[in-house]
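# Descriptive structure summary
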Amino acid sequence: MKAVAIILAAGKSRRMSHPKANIEHEGGRSFLQSLASTFLKAGCGVLGVVGSDAAMVREQHPSLMLVTSEHWEKSFLASVKAGLEAALREARDSDPEGTVAVLVHPVDMPALRVNTVKSMLKEMERGDPKGVLALRPEYESARGWPLVLSQAAAEKLLQAEGEDLEMALKALNPRPVSVKDPGVIVNINTPEAYERVFGKAPILAPPPKRRGVKRAGGSNGSGAESASPSSYAASPEE
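The structure presented is a predicted model; accordingly, all values stated were derived computationally and were not measured.

How each quantity is defined
Residues numbered from 1 in each chain as written. Predicted model: local features only at pLDDT ≥ 70, side-chain atom pairs only at ≥ 80, totals over all residues. Heavy atoms only, no water. Core = buried A, V, L, I, M, F, W, Y, C linked by side-chain atoms within 4.5 Å. Buried < 20%, exposed > 50% of the residue type's maximum accessible area, 1.4 Å probe, protein only. Helix = DSSP H or I, 4+ residues; strand = E, 2+ residues; numbered from the N terminus. Phe/Tyr/Trp six-rings, centres within 6.5 Å; stacked < 30°, edge-to-face > 60°. Axes fitted to C-alpha atoms, helices over the stretch in contact; angles between N-to-C directions. Parallel < 35°, antiparallel > 145°, perpendicular 65-115°, else oblique. Left-handed = near helix turned anticlockwise from the far one by under 90°. Contact = heavy atoms within 4.5 Å. Nonpolar A, V, L, I, M, F, W, Y, C, P; charged D, E, K, R; others polar.

## Things to note about the nonpolar core
Counting 38 residues, the largest nonpolar core has Phe39 and Leu103 as its most contacted members. Among the secondary structure elements, those contributing two or more residues to this core are β1 (2-9), α1 (31-41), β2 (45-50), α2 (54-60), β4 (100-106), α4 (114-126), β5 (134-139) and α7 (191-198). Sort the elements by how many residues they give to this core and α1 lands first, with five residues.

Have a look at this one:
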């Protein structure tokens with residue numbers, strides 16, 4: 001079973017004054033870079049979804065696979081669907097007979113741990129990855145992220161009507177998975193939250209190093225490069 005992580009970074013960062021994807025997390029890495037690294041270490045491909053500040057996010061992350069949500073202003077669910085559509089399309093193109101698990105995670109929750117992602121994927125494998133299975137982590141009874149979907153569940157969510165993600169998820173009835181990682185519920189989406197965690201006002205991550213990064217495939221018209229799920233990955237300098 002392959003796994004692709006969709007990192008949602010399409011919304012407008014009204015309160016942060018900077019694109020949340022580009023804000024420094026730790027070690028000079030942006031929120032988006034930090035999460036991409038976490039998912040890569042857990043064995044996932046990585047796909048980012050951009051929207052409001054797409055040009056700035058792309059400039060900061062030249063080797064990360066990104067797809068543009070054309071209707072990001074409409075709803076959070078619209079951006080989720082943009083990521084699901086890209087991930088499922090590439091999964092079918094690269095391995096029509098295989099199965100893929102899809103993880104969905106907001107960019108402003110960068111404290112997620114690698115072991116948490118691994119344990120969620122193992123839980124998916126213990127279930128029925130070919131069935132309609134959705135998992136959601138819980139920390140001390142608080143519901144968190146990432147949402148982990150079997151391929152069938154991802155396809156069902158893609159067809160959901162309306163604009164409310166939580167309403168759409170009710171049809172999937174995600175099974176809670178208890179974890180010991182507070183990162184699944186820590187949301188750094190305001191200057192006050194950032195300052196509580198880091199002791200300073202939000203700042204942008206340093207500009208990326210450029211070493212002639214090559215991208216796999218050509219443009220598919222969706223804003224992402226054409227590649228298989230396993231190649232949805234940032235290069236080492238990311």
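## Looking at the packing of aromatic side chains
For the coordinates displayed, the defined rule picks out three aromatic pairs. Arranged with centres 6.2 Å apart and planes meeting at 85°, the rings of phenylalanine 76 and tryptophan 145 form a pair that is edge-to-face. With phenylalanine 76 in helix α3 (residues 76-94) and tryptophan 145 in the loop between β6 (142-143) and β7 (147-149), the pair connects residues that are 69 residues apart, well separated along the chain. Judged by its relative accessible area of 39%, phenylalanine 76 falls in the partly exposed class. Ring geometry for tyrosine 194 versus phenylalanine 198: centroids 4.5 Å apart, planes at 40°, classification tilted.

## Points about the packing of α1 against α4
As a packed pair, α1 and α4 sit with axes 8 Å apart at the nearest point and diverge in direction by 45°. Relative to α4, the element α1 lies oblique. For the pair α1 and α4, the sense of crossing is right-handed. Every residue of α4 that contacts α1 at Thr38, Phe39 and Lys41 is listed here: Val114, Val117 and Lys118. For the contact of α1 with α4, the per-class residue count stands at three nonpolar, one polar and two charged.

## Thoughts on the packing of α3 against helix α5 (residues 151-158)
Geometry of a packed helix pair, given as the angle between the helix axes and the separation of the axes. Running from amino to carboxyl end, α3 crosses α5 at an angle of 135°, the nearest separation of the two axes being 9 Å. Viewed along their axes, α3 and α5 adopt a mutual orientation that is oblique. The crossing of α3 and α5 is left-handed. Seen from α3, the contacting residues are Leu77, Val80, Lys81, Leu84, Glu85, Leu88 and Arg92; seen from α5, they are Gln151, Ala154, Glu155, Leu157 and Leu158. Split by residue class, the contact of α3 with α5 holds seven nonpolar, one polar and four charged.

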